[in-house]
Amino acid sequence: SCLMLYVYAKRITTQKIFTHAHACQIIDDMYEDVTGFSIDNSERQFIENCGGNPTYGEITPEALAILIDDLALTDHDVFFDLGCGVGKGCVQIALCTPA
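Definitions and limits used
- Here the residue numbers are simple positions, counted from 1 along each chain's written sequence.
- With pLDDT at 70 or above as the cut-off, local features in this predicted model cover only qualifying residues; side-chain atom pairs require 80 or more to be listed or tallied, and sums for whole chains, interfaces and linings still use all residues.
- Excluded from the side-chain calculations are hydrogens and water; all other atoms, namely the structure's heavy atoms, are used.
- Only DSSP runs of H or I with at least four residues qualify as helices, and only runs of E with at least two residues qualify as strands; both kinds are numbered from the N terminus onward.
- Throughout this description, buried means an accessible area under 20% of the type-specific maximum (1.4 Å probe, protein chains only), exposed means over 50%, and partly exposed covers the range between.
- Whether two residues touch is decided by their heavy atoms; if any such pair falls within 4.5 Å, the residues are in contact.
- Using a 1.4 Å probe, accessible areas were evaluated by the Shrake-Rupley method; residue-level cover was limited to the displayed protein chains.
- Residues qualify for a patch when their relative accessible area is over 30% and they have no salt bridge, like charges being joined within 9 Å and the nonpolar side chains of Val, Leu, Ile, Met, Phe, Trp and Tyr within 5 Å.
- Think of a salt bridge as a Lys or Arg side-chain nitrogen and an Asp or Glu carboxyl oxygen that are within 4 Å of each other.
- In this description, a nonpolar core means a group of buried Ala, Val, Leu, Ile, Met, Phe, Trp, Tyr and Cys residues linked to one another through side-chain atoms lying within 4.5 Å.
- A residue's pLDDT is simply how confident the predictor is in it, with values from 0 to 100.

Enquirer: Honestly, the overall build of the chain in this entry has me stumped. Any pointers?
Expert: Along the chain, the regular secondary structure elements total five helices and zero strands. Going from N to C terminus, the chain has its helices and strands arranged as α-α-α-α-α. With 99 residues in all, the chain has 27% of them scored as buried. Look at the contacts in the chain between residues 6 or more apart in sequence, and 69% of them connect residues 24 or more apart. In the form shown here, the chain has an accessible surface area of approximately 6,700 Å², with 56% of it arising from carbon and sulfur atoms.

Written as structure tokens, this is what we have:
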């Protein structure tokens, strides 16, 4: 929640919607040491031992940019990313749309 407050504060203080390229740069800076493409080996083993599938990943910023364009979100929309991992998609939506 602190992350999203930061993102909204950035958008409000600049009073603009960011381009996808600028949003990706902000996200890269914010998540410099965070990956959304892997889980800890002990967690992976636990999931496998319980009969689950430890496949984990996130939508790429490029693919989300296409989705954003297709959705044409407005300030009347609310975007939910169920299973959002580290939250990069929500940050990109917050930066690139009025939703």
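Continuing now.
Enquirer: What am I meant to see in the environment of A99 here?
Expert: Among the structural elements, A99 can be located in the segment after α5 (88-96). With 27 residues separating them along the chain, A99 and A72 place their C-alpha atoms 9.4 Å apart.

Enquirer: I would appreciate a short explanation of unusual backbone geometry in the present structure.
Expert: If a residue is not glycine, its phi is most likely negative; likewise, a peptide bond is most likely trans. With a phi angle near 50 degrees, A72 is a residue other than glycine that sits in the positive phi range. Looking at the element boundaries, A72 is found in the loop between α4 (61-71) and α5.

Enquirer: Which parts of the structure should I look at to understand a nonpolar patch on the surface?
Expert: On the surface, I59, L67 and L71 cluster together into a nonpolar patch covering about 230 Å² of accessible area. Relative to the helices and strands, I59 is located in the loop between α3 (41-49) and α4. Look at I59 and you get partly exposed, because its relative accessible area is 45%.

Enquirer: Before we go on, may I ask you to explain the nonpolar core in this structure?
Expert: In a soluble, globular protein the nonpolar side chains are often hidden away together inside. Judged by nonpolar contacts, the single largest core of 15 residues is most densely connected at V91 and L95. Elements represented by at least two residues in this core include exactly α2 (20-30), α4 and α5. The greatest single-element share of this core, amounting to five residues, is contributed by α5.

Enquirer: I keep staring at α5 and nothing clicks. Help me out?
Expert: Among the nine residues that make up α5, nine are buried, leaving the element largely enclosed by the rest of the structure. Three or more residues of α5 are buried, namely K88, G89, C90, V91, Q92, I93, A94, L95 and C96.

Enquirer: Which parts of the structure should I look at to understand the environment of G85?
Expert: Positionally, G85 belongs in the loop between α4 and α5. Along the chain, G85 and T35 lie 50 residues apart, while their C-alpha atoms are 9.5 Å from each other.

Enquirer: What is the right way to read the confidence of the model for the chain from this model?
Expert: Any residue range with low pLDDT should be treated as having predicted coordinates unsuitable for detailed reading. Per-residue confidence for the chain gives a mean pLDDT of 82, with 82% of residues at or over 70. For the chain, helix α1 (residues 2-14) is the element with the lowest average pLDDT, namely 68, and α4 is the one with the highest, namely 93.

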